[in-house]
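A closer look at the structure
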Amino acid sequence: GENVEQHPSTLSVQEGDSAVIKCTYSDSASNYFPWYKQELGKRPQLIIDIRSNVGEKKDQRIAVTLNKTAKHFSLHITETQPEDSAVYFCAASPRSNYKLTFGKGTLLTVNP
Amino acid sequence: SQTIHQWPATLVQPVGSPLSLECTVEGTSNPNLYWYRQAAGRGLQLLFYSVGIGQISSEVPQNLSASRPQDRQFILSSKKLLLSDSGFYLCAWNTGGIDEQFFGPGTRLTVL
């Protein structure tokens, strides 16, 4: 089955800096890669996703890049703010409308 | 619009007691339904998923079971809880043509 590795497990940045979280996956058939943000005690919420026919996607301060050849994808957050502090999860799925395999998460702390 | 409910929100149970957690989805039909467990400070572990009434796939062998008695109802059960069953249980759904999984508010289970 699919295996998703996520690094780093913790990341601390100063407000205004950029943050990068990286994930690798094992199943070459995977074609859907979402990123979820989970605040303490809350449910995970989708912040951005990318499909295998796209190499990069942006939404304001957030971007995701995908390298299918190397089987890795990354989340980039620019101009970080304290409210970006949360746990971020990457995931992969082999097809639409199917189960997700999650990474173990990255605790991002943005220091004011 | 679609909404997902879980109850109870919190639960404290003794070791060896039974468990029943309920998840219901409103505003959609024939959803895929998922149960995840999140141990403290850990990632999301997929426990069960269901593509239709009475159709359950188990991802991890354990003392938990799942049932889907109605189209939009998903139940997680155990006959005898273990200490290791403590965690944050999340139900999620998606449906045809939508890759994103939407998570419920979760149930925090403590087994003493």
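It should be emphasised that the depicted structure is a prediction, and the values quoted were computed from it without experimental measurement. (Residues numbered from 1 in each chain as written. Chains lettered and ligands numbered in written order. Predicted model: local features only at pLDDT ≥ 70, side-chain atom pairs only at ≥ 80, totals over all residues. Heavy atoms only, no water.)

1. Focus: the overall build of chain A
Cut-off, in case you're wondering: Secondary structure elements are defined from DSSP: runs of H or I of at least 4 residues count as helices, runs of E of at least 2 residues count as strands, and each element is numbered from the N terminus. Our radius of gyration looks at C-alpha atoms and nothing else; its globule reference is 2.2 Å times the residue count to the power 0.38. Throughout this description, buried means an accessible area under 20% of the type-specific maximum (1.4 Å probe, protein chains only), exposed means over 50%, and partly exposed covers the range between.
When helices and strands are counted, chain A shows 0 helices and 11 strands. Reading chain A from its N terminus to its C terminus gives the helix and strand order β-β-β-β-β-β-β-β-β-β-β. The C-alpha radius of gyration of chain A comes to 13 Å, within 12% of the 13 Å expected for a compact globule of 112 residues. C-alpha atoms of chain A, sized along the principal axes, occupy 40 × 30 × 20 Å. Counting only residues that meet the buried cut, chain A has 42% of its 112 residues in that class.

2. Points about the overall build of chain B
Here is the rule: Only the protein chains shown count as cover for residues, and all accessible areas are computed by the Shrake-Rupley method using a 1.4 Å probe.
A count of helices and strands for chain B gives 0 helices and 11 strands. For chain B, the N- to C-terminal ordering of α and β elements is β-β-β-β-β-β-β-β-β-β-β. Compactness check: chain B gives a C-alpha radius of gyration of 13 Å against a globular reference of 13 Å for 112 residues, within 12% of the reference. Projected onto the principal axes, the alpha-carbon positions of chain B cover approximately 40 × 25 × 20 Å. Relative to its full complement of 112 residues, chain B shows a buried share of 49%. For chain B, the accessible surface area stands at approximately 5100 Å², while carbon and sulfur atoms represent 54% of it.

3. Examining the state of the cysteines
Test applied: When two cysteine sulfur atoms are found within 2.5 Å, that pair is recorded as a disulfide.
Taken as a whole, this structure holds 2 disulfides over all chains when the rule is applied. Between C23(A) and C90(A) runs a disulfide, and the two sulfur atoms are separated by 1.9 Å. Disulfide C23(A)-C90(A): torsion about the S-S bond near -100°, hence left-handed. In this pair, C23(A) sits in strand 3 (residues 19-25) while C90(A) sits in strand 9 (residues 86-92), placing the two residues 67 residues apart along the sequence. Comparing C23(A) with C90(A) shows no difference in burial state: the two are buried. Residue pairing for C23(B): its cysteine sulfur links by disulfide to C91(B), the two sulfurs lying 2.0 Å apart. Measuring handedness by torsion sign, the sulfur bridge of C23(B) and C91(B) sits at about -75° and is left-handed. Separated by 68 residues along the polypeptide, C23(B) in strand 3 (residues 19-26) and C91(B) in strand 9 (residues 87-94) bring together distant segments of the chain. Taking relative accessible area as the criterion, C23(B) reaches 0% and is therefore assigned buried.

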